[in-house]
Amino acid sequence: MLEFSNVSKSFWTGTHRKIILDQASFRVDLGNSLGILAPNGTGKTTLINMMAGLEKPDEGTITRGCKISFPLGFMGGVVNRHTARENSRYIARLYDLDPDYVEAFCRWLCGIDEYFDMPIGTYSQGMRARFTFALMLSLDFDIYLIDEGMPMTMDAEFNRRAGEILRERLETTTVVIVSHQPATLERFARSAAVLRDGHLHLFDTLEEAKQLYEYDA
């Protein structure tokens with residue numbers, strides 16, 4: 001499970017304090033995928049990064065009782081001066097997985113040929129996104145985090161192969177996805193929430209969440 005207990009988070013914009021979460025408490029249980037609706041600029045990426053442990057709350061506690069992925073499409077976590085081969089093998093060891101398997105999986109899925117043995121810093125944004133996406137799919141997680149705002153590749157063949165793997169993976173795992181479009185959540189979420197003014201309003205169904213979200217809009 002993933003649990004937020006009285007979590008607060010805000011940023012100073014230079015003119016005012018922007019509140020992302022204000023004493024928010026909620027829980028994501030395994031097997032109950034959650035979709036979160038929020039307009040652009042309200043802190044969707046910050047929320048998903050807090051779930052992953054990439055950002056810390058100002059107050060409150062976040063409990064991770066299972067293996068939680070880094071956000072889908074997350075562009076950090078790899079070392080630019082190292083090759084994709086070196087990065088994939090290093091990450092495999094961190095997660096106590098077979099480095100040969102993780103390297104082979106990423107090499108096959110990325111389809112970047114000789115660039116796989118070149119430093120990540122020489123990659124285009126699309127190539128880097130393909131590698132980080134493939135790296136996430138090569139690892140086993142209980143909860144997968146998806147941020148619609150993360151940069152993704154537009155390579156059609158990669159998207160087809162990676163999409164098939166992701167769909168299969170999500171049939172047996174749990175996903176938390178944040179989006180400003182209700183239609184994006186329909187493929188993944190069983191329950192839903194609306195992020196508004198620092199408060200997360202939880203609902204049993206997406207239809208209920210849409211009523212509040214569309215009323216605000």
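Scroll up to find the structure this text is about.
This report concerns the structure included in the present document. Predicted model, so just to flag it, every value in this text is computed and none were measured. (Residues numbered from 1 in each chain as written. Predicted model: local features only at pLDDT ≥ 70, side-chain atom pairs only at ≥ 80, totals over all residues. Heavy atoms only, no water.)

### Quick notes on the pattern of salt bridges
- Scanning the entire structure with this criterion turns up 12 salt bridges.
- Close ionic contact of Arg27 with Asp29 constitutes a salt bridge, the shortest N to O distance being 2.6 Å.
- Residue classification places Asp29 among the partly exposed residues on the basis of a relative accessible area of 34%.
- Two residues, Arg89 and Glu103, come together in a salt bridge whose shortest N-O distance is 2.7 Å. With Arg89 in helix H2 (residues 84-94) and Glu103 in helix H3 (residues 99-110), this pair connects stretches of sequence that are 14 residues apart. When sorted by exposure, Arg89 lands in the same class as Glu103, which is buried.
- When salt bridges that share partners are traced, they join Arg85, Arg89, Asp100, Glu103, Arg107 and Asp117 into one network. (Salt bridge = Lys/Arg side-chain N within 4 Å of Asp/Glu carboxyl O. Buried < 20%, exposed > 50% of the residue type's maximum accessible area, 1.4 Å probe, protein only. Helix = DSSP H or I, 4+ residues; strand = E, 2+ residues; numbered from the N terminus.)

### Side note on helix H4 (residues 125-138)
- The terminal C-alpha atoms of H4, which comprises 14 residues, lie 20 Å apart, in line with the 20 Å expected from a rise of 1.5 Å per residue.
- Of all the residues in H4, the buried ones are Met127, Arg128, Ala129, Arg130, Phe131, Thr132, Phe133, Ala134, Leu135, Met136, Leu137 and Ser138. (Expected span 1.5 Å × (residues − 1).)

### A few points about the packing of H2 against H3
- Between H2 and H3, whose axes approach to 8 Å, the crossing angle comes to 135 degrees. On the basis of the axis angle, H2 is oblique to H3. Regarding H2 and H3, the two cross each other, and that crossing is right-handed. Each of Arg85, Ser88, Arg89, Ala92 and Arg93 in H2 lies in contact with H3, whose residues at this interface are Pro99, Asp100, Val102, Glu103, Cys106 and Arg107.
- Its residues assigned to classes, the contact of H2 with H3 comprises 4 nonpolar, 1 polar and 6 charged. (Axes fitted to C-alpha atoms, helices over the stretch in contact; angles between N-to-C directions. Parallel < 35°, antiparallel > 145°, perpendicular 65-115°, else oblique. Left-handed = near helix turned anticlockwise from the far one by under 90°. Contact = heavy atoms within 4.5 Å. Nonpolar A, V, L, I, M, F, W, Y, C, P; charged D, E, K, R; others polar.)

### Examining unusual backbone geometry
- Look at Asn6: it is not a glycine, yet its phi comes out positive at around 50 degrees.
- The residue Asp113 is not glycine, and still its phi comes out positive at about 55 degrees.
- As for its position among the elements, Asp113 is in the loop between H3 and H4.

### So, the packing of H3 against helix H5 (residues 156-170)
- Between H3 and H5, whose axes approach to 9 Å, the crossing angle comes to 135 degrees. Overall, the two elements H3 and H5 adopt an arrangement that is oblique. Facing Phe105, Trp108, Leu109 and Cys110 of H3, the residues of H5 in contact are Phe158, Arg161, Ala162 and Ile165.
- Partitioned by chemical class, the residues of the contact of H3 with H5 number 7 nonpolar, no polar and 1 charged.

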